[in-house]
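Reading the structure
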Amino acid sequence: MEKIIQLNDRRFKVMIPAEKIDEAVAAVAERINRDYAERQTPIFMGVLNGSFMFLSDLIKKIEFNNEISFVKLASYEGTTSTGAVKKLIGINGSIEGRHIIIVEDIVDTGESIQHMVEMLQAYNPASIEVCTLFFKPNSYSKQIPINYRAMEIGNEFIVGYGLDYDQLGRSLKDIYVVCE
Ligand code: 5GP
Ligand code: MG
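Residues numbered from 1 in each chain as written. Chains lettered and ligands numbered in written order. Predicted model: local features only at pLDDT ≥ 70, side-chain atom pairs only at ≥ 80, totals over all residues. Heavy atoms only, no water.

I32, F44, F54, L58, L133 and F134 are the most contacted members of the largest nonpolar core, which has 30 residues in total. Those elements giving two or more residues to this core turn out to be α1 (18-36), α2 (52-59), β6 (99-107), β7 (127-135), β8 (148-152) and β10 (175-178). Counting residues per element, this core draws most heavily on α1, which supplies 7 residues. With residues up to four places along the chain from it excluded, the contact list for F54 reads V25, V28, V103, E104, C131, T132, L133 and Y161. The next biggest cluster of nonpolar side chains, apart from the first, holds 22 residues, and it includes I43, L73, I128 and I146. (Core = buried A, V, L, I, M, F, W, Y, C linked by side-chain atoms within 4.5 Å. Buried < 20%, exposed > 50% of the residue type's maximum accessible area, 1.4 Å probe, protein only. Helix = DSSP H or I, 4+ residues; strand = E, 2+ residues; numbered from the N terminus. Contact = heavy atoms within 4.5 Å.)

Surrounding the magnesium ion (ligand 2) are the protein donor atoms E104 (OE) and D105 (OD), at 2.3 to 2.4 Å. For E104, a relative accessible area of 7% corresponds to the buried category. With relative accessibility at 14%, the residue D105 sits in the buried group. (Donors = N, O, S within 2.8 Å, 3.2 Å for Na, K, Ca; no water.)

Time to look at the layout of surface pockets. Space inside the largest pocket adds up to approximately 740 Å³. Lining of the largest pocket is provided by 28 residues; of these, E104, D105, I106, S112 and D164 occupy positions nearest its centre. Listed by contribution, the elements that provide at least two residues to the lining of the largest pocket are β3 (43-48), β4 (67-75), β6 and α3 (111-121). (1 Å grid on protein atoms, 1.4 Å probe; cavity = no way out; pocket = protein on both sides within 12 Å on 5 of 7 lines; lining within 4 Å. Points joined across faces, edges and corners; volume = space filled by probe spheres on them.)

Moving on: the site of ligand 1. Around ligand 1 lies a shell of 14 residues, among which T109, G110, S112, I158 and D164 are the nearest. D105 is positioned with one of its side-chain polar atoms (N or O) 3.4 Å from an oxygen atom of ligand 1. Interatomic distance of 2.9 Å between a backbone N/O atom of D108 and an oxygen atom of ligand 1. Starting from 510 Å² of accessible surface for ligand 1 in isolation, the protein chains cover 79%. At a threshold of 2 Å from the grid points, most atoms of ligand 1 map onto the largest pocket. (Near = heavy atom within 4 Å. Polar contact = N/O pair within 3.5 Å; in protein donor to acceptor, adjacent residues only side chain to side chain. Areas by Shrake-Rupley, 256 points an atom, 1.4 Å probe, with all protein chains shown as cover. Sits in = over half its atoms within 2 Å of the grid points.)

Right, let's talk about the sheet that holds β10 for a bit. Sheet architecture is open: 4 strands sit in the order β1-β2-β10-β9, paired in antiparallel fashion. Both outer strands of the open sheet, β1 (4-7) and β9 (158-159), are each paired with one neighbouring strand and no more. Here 4 bridges tie β1 to strand β2 (residues 10-16), and the two strands are oriented antiparallel to one another. Bridge pairing links Q6 to R11 in β2. (Pairing = 2+ DSSP bridges.)

Across its 19 residues, α1 extends 27 Å between first and last C-alpha, which sits within 8% of the 27 Å expected from 1.5 Å per residue. Buried within α1 are the following residues: A18, I21, A24, V25, V28, A29, I32, N33 and Y36. (Expected span 1.5 Å × (residues − 1).)

As a further point, take the packing of aromatic side chains. Counted under the stated rule, the structure contains 6 aromatic pairs. Taken together, a centroid distance of 6.1 Å and an interplanar angle of 25° make the contact between Y36 and F64 stacked. Here Y36 is found in helix α1, whereas its partner F64 is found in the loop between α2 and β4, with 28 residues between them in sequence. Neither residue differs from the other here; Y36 and F64 are each classed as buried. Each ring, one from F135 and one from Y140, has its centre 5.1 Å from the other, and the planes form 55°; the classification is tilted. Each of the two residues, F135 as well as Y140, counts as buried. Three or more aromatic residues joined by ring pairs form one cluster here, namely Y36, F44, F64 and Y148. (Phe/Tyr/Trp six-rings, centres within 6.5 Å; stacked < 30°, edge-to-face > 60°.)

Here the focus is the environment of M119. The topology assignment puts M119 in helix α3. Along the backbone, M119 and I21 are 98 residues apart, and their C-alpha atoms lie at a distance of 30 Å. Here M119 is in contact with L73, K86, K87 and L88, once residues within four sequence places are set aside.

Structure representation (C-alpha cells):
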C-alpha cells in the first residue's frame with residue numbers, strides 16, 4: 001500500500017526511496033573523488049538548511065582530506081523590502097585560494113545558486129563547483145555550470161531528506177512528491 005503523509009494542508013507520497021538516494025549520492029561522490037584526488041584540501045560548503053542530510057551522507061563517501069562548513073543565504077533585515085537581496089552568512093576564515101564545492105539540496109531556476117556563486121567569487125577562491133542533490137533541468141535558466149547533479153527531476157515539488165514544505169518534512173529519509 002502506498003504510504004501517504006500529510007504536511008500542513010498538503011498530502012505527499014513516496015517518489016524516491018532511501019536506497020535510490022543512497023545510490024545517487026554514492027555515484028556523485030565517486031565522481032568528486034576522481035576529480036579532486038590531486039587538489040589541496042577542498043572545502044565542502046553546505047547551504048543551510050536543506051543540504052544538511054545530503055552533505056552528511058556525501059562526506060562519508062569522500063576519500064580525500066577535506067574541510068566542511070555551512071553557509072546560509074539570509075534576507076537583509078529592515079530596509080530592503082523585496083526579499084530578493086540576500087546576504088551570505090557563515091563565511092569565517094579565509095577561503096581565498098581554496099577549492100570550494102558548494103553543496104545544495106536542489107537547484108530549480110538557479111537564482112539562489114547564481115547569487116551564491118557570485119558572492120563567493122568575491123573572496124577569490126581557487127575554484128568553485130556546485131554539487132546538488134536535485135536538479136530541475138526544465139526550470140534552470142542560468143549560465144553557472146552545475147557539474148555535480150546526484151539526480152534530475154521534473155518541475156514537481158518534493159520534500160524529505162533535508163527538503164521542507166513550510167519547514168516540515170526535512171527529517172524524512174525518502175523523497176516525497178506532492179499528491180495531485
Ligand atoms: P532556485 O533559486 O534555484 O529557483 O530555487 C532554489 C530553492 O528553492 C531551493 O534551495 C529550495 O529552497 C527551493 N525549492 C525549489 N524546488 C523545490 C522543491 O521541489 N522542493 C522544496 N522543498 N524546495 C524547493
Ligand atoms: Mg537550497
